[in-house]
Amino acid sequence: IAHLDHREQVAEYLKKILTSGNHLLGLINNVLDMSHIESGKLHLTEEPCSLPDILHELRNIIQGSVHAKQLELYMDAVDIQHEEICCDRLRLSQALLNLLDNSIKYTPVGGMVSLKIIEKPGAPKGFANYEFHIKDTGIGMSKEFVSHIFESFERERNTTASGIQGTGLGMAITKNIVDMMNGTITVESRPGMGTECSVSLTLRLH
């Protein structure tokens with residue numbers, strides 16, 4: 001109450017409250033998702049959706065964080081013959097967003113984050129093969145940590161020591177979503193050289 005006349009100070013307090021609230025909400029949602037996964041209560045739905053729409057939504061969601069860190073953001077679709085698919089749009093977006101959020105969090109100011117979607121040949125009739133590549137120029141990870149990256153609550157020591165917020169559940173949730181969609185996910189990283197996560201999915205066409 002004593003600072004109500006100081007608009008800038010009040011605005012800064014509100015910003016901090018909102019940031020803390022969003023972080024807490026993210027933590028709660030991640031814990032709930034892992035609880036549903038572990039109890040077998042997380043079920044995927046299938047609905048018609050559009051890859052360009054998913055890309056557009058992801059760009060809108062992360063644009064603020066990208067701008068705040070002055071990052072270069074690239075989103076590309078390569079050799080896409082089929083844009084209309086059927087899948088659990090919410091969970092696919094969640095998996096990709098988790099990977100993008102990690103790239104943004106662990107990439108220093110002025111770095112680069114990219115998402116590239118590639119359609120690969122060889123899918124059964126009525127389906128298409130897609131690869132989603134999320135790449136950054138961030139702090140990277142050790143080979144030892146990468147081998148444990150999909151375990152719950154795992155965070156490398158250099159990330160926790162740096163003060164970067166995280167729950168250690170995002171990658172575990174992403175791996176479970178990809179597994180439930182009968183896909184694969186791989187991670188390649190080197191300390192100081194950035195990280196690339198690749199998700200391969202065969203999705204039914206709409």
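The rules behind the values
Residues numbered from 1 in each chain as written. Predicted model: local features only at pLDDT ≥ 70, side-chain atom pairs only at ≥ 80, totals over all residues. Heavy atoms only, no water. Helix = DSSP H or I, 4+ residues; strand = E, 2+ residues; numbered from the N terminus. Expected span 1.5 Å × (residues − 1). Buried < 20%, exposed > 50% of the residue type's maximum accessible area, 1.4 Å probe, protein only. Polar contact = N/O pair within 3.5 Å; in protein donor to acceptor, adjacent residues only side chain to side chain. Contact = heavy atoms within 4.5 Å. Pairing = 2+ DSSP bridges.

**Some thoughts on helix α3 (residues 89-105)**
Working step 1: With 17 residues, α3 should cover 24 Å at 1.5 Å per step; its first-to-last C-alpha distance of 24 Å lies within 8% of that length.
Working step 2: Listed as buried for α3 are Arg91, Leu92, Ser93, Gln94, Ala95, Leu96, Leu97, Asn98, Leu99, Leu100, Ser103 and Ile104.

**Let's talk about the side chain of Thr107**
Working step 1: Summarising the element assignment, Thr107 is placed in the loop between α3 and β4 (112-120).
Working step 2: A polar contact of 2.5 Å, which involves the side chain of Thr107, links it to the backbone oxygen of Ser103.
Working step 3: Those residues in contact with Thr107, other than ones at most four positions away along the chain, are Lys69, Leu71, Met112, Val113, Asp136, Thr137 and Gly138.

**Considerations on the pairing of strand β3 (residues 84-87)**
Working step 1: Sheet analysis places strand β1 (residues 47-50) next to β3, joined by four bridges and oriented antiparallel. Residue pairing in the sheet places Glu47 in a bridge with Cys87 of β3.
Working step 2: Both β3 and strand β7 (residues 194-205) contribute to a ladder of two bridges, which runs antiparallel. Residue pairing across strands places Cys86 opposite Arg204, the latter belonging to β7.

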